[in-house]
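If you want the building blocks of each chain, they are given just below.
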Amino acid sequence: MAKLHSKLIWVILIALLVFVGYLYWIPSQKTDIRRDAAVVAVSTAKVETKPMIRSVNSLGTGISNHSIQLISPTSDFVTELNIREGKAIKKGEVIARLHDVQERARVTELEGILEDQKRQLDRLKNLATTQATAQSLLDEQQTRVNTTLAQLDIAKAQLAEMTIRAPFDGYLGLRQVSVGAYITNGTVITTLDDLNTLRVAFSVAEHYLADISVGMPLTVTNAAYGNITFKGTVSAIDTRLDPVTRTVTVHGALPNEDLRLRPGMLLHVKLELDNRVAMQISEKALVPQQQKQFVYKVDADNKVTQVEVKTGQRVPGWVEILSGLENGDEVVVEGIQKLRSGITINRVGG
């Protein structure tokens, strides 16, 4: 009985010791938990100074720098064709000639009449110096000469219409007529395109109008050439906006000496609005509060401080910092919801 009583006492003592130890252990654990809770896991990044490129993308259509249809100005038979389809031709070269026998004869006839009338005019001028009555005859003859000159100019113009020449350097299109065919006024003979410079016409939203100017760089791509880019510049901006789509038509000029780009192509245009070096951070680092923007800046002790920043231009994923930070400063980009000034952070990504 005494032994049982002794064992019971020892059990009670041990239980008391365990209970007392437990009472001391609980506050210690709570302190450790609070200490661990004060350290927040976040991702950070450095403030960088790098090129900031703002651009706008659009779909455009290729058009010739100069493009015309060569049309017959009169009706007659085709006696000569100099159409090498797809080949280059120089300004002034003969493309087609119509039957012009009558027109040549008319010019020759009027040149002969004019020469005879000028001889008579010269005789009357000599007489007019001595005979007053010859002055009226002199005036009449001068009128005849002037009339014939006008008729000769018309005849020469009609003769010139029978020969169709290239008005500028370019490349001939497909032939639409044949030698010997009778064509009428307005018949299309072929086309002529200046392809050494290709223009691209595309539309830009009204929002970007103030950022666009002549001479800005642009690049285009086309499905036929994969990822190959063709560089050019803005050559013209329309003076009017489309009132339905609220867009403005812009023309770009692309060097095209190798003739890889053709009129009518669907072109993917990238217009570079701005390209400059700027201090930037990730947009995810911003904490908007009313009309202001803040970030959490990390100090040397891994503690964060909320700092107001002034932002500038934005590009996808990045924002320009005008003031509030310095190049190389470290800011929090993920885990911001758990932060407040003075919190210690633990980096888990970058």
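Predicted model only: the values in this text are computed from it and were never measured. (Residues numbered from 1 in each chain as written. Predicted model: local features only at pLDDT ≥ 70, side-chain atom pairs only at ≥ 80, totals over all residues. Heavy atoms only, no water.)

Participant: Can you help me understand unusual backbone geometry in this one?
Facilitator: Excluding glycine, most residues fall at negative phi; most peptide bonds, likewise, are trans. Phi is positive for arginine 246, which is not a glycine, with a value near 60°. Here arginine 246 lies in the loop between strand 11 (230–241) and strand 12 (247–255). (Helix = DSSP H or I, 4+ residues; strand = E, 2+ residues; numbered from the N terminus.)

Participant: Which parts of the structure should I look at to understand the nonpolar core?
Facilitator: When a protein is soluble and globular, its nonpolar side chains tend to lie buried together. By size, the foremost hydrophobic cluster in this structure holds 20 residues, and its most contacted members are Phe202, Val220 and Leu271. The set of elements that each furnish at least two residues to this core consists of strand 9 (188–205), strand 10 (217–221), strand 11, strand 12 and strand 13 (266–282). Apart from the residues within four sequence positions on either side, valine 220 is in contact with Val200, Ile228, Thr229, Phe230, Leu254, Leu267, His268 and Val269. Judged by nonpolar contacts, the second largest core, of 16 residues, contains Ile89, Leu98, Ala166 and Ile183. (Core = buried A, V, L, I, M, F, W, Y, C linked by side-chain atoms within 4.5 Å. Buried < 20%, exposed > 50% of the residue type's maximum accessible area, 1.4 Å probe, protein only. Contact = heavy atoms within 4.5 Å.)

Participant: When you look at the pattern of salt bridges in this model, what are you seeing that I'm missing?
Facilitator: One side chain can pair with another of opposite charge once the charged atoms of both are near each other. Using the criterion set out here, one finds 14 salt bridges in the structure. For arginine 54, the salt bridge goes to aspartate 211, with nearest N and O atoms at 3.5 Å. With a gap of 157 residues between them, arginine 54 in strand 2 (residues 48–71) and aspartate 211 in the loop between strand 9 and strand 10 connect regions that are remote in the sequence. Where glutamate 115 meets arginine 119, a salt bridge forms, and the shortest distance between an N and an O atom there is 3.6 Å. With a gap of 4 residues between them, glutamate 115 and arginine 119 both fall in helix 2 (residues 101–128), about one helical turn apart. When salt bridges with common partners are traced through the structure, they connect Glu115, Asp116 and Arg119 into a single cluster. (Salt bridge = Lys/Arg side-chain N within 4 Å of Asp/Glu carboxyl O.)

Participant: Sorry, what's going on with the environment of threonine 233 here?
Facilitator: Looking at the element boundaries, threonine 233 is found in strand 11. Judged by its relative accessible area of 36%, threonine 233 is partly exposed. Separated by 39 residues in the primary sequence, threonine 233 and glutamate 272 place their C-alpha atoms 9.7 Å from one another. Residue contacts for threonine 233: discarding those within four places in its chain leaves Gly215, Met216, Pro217, Leu218, His251, Gly252 and Ala253.

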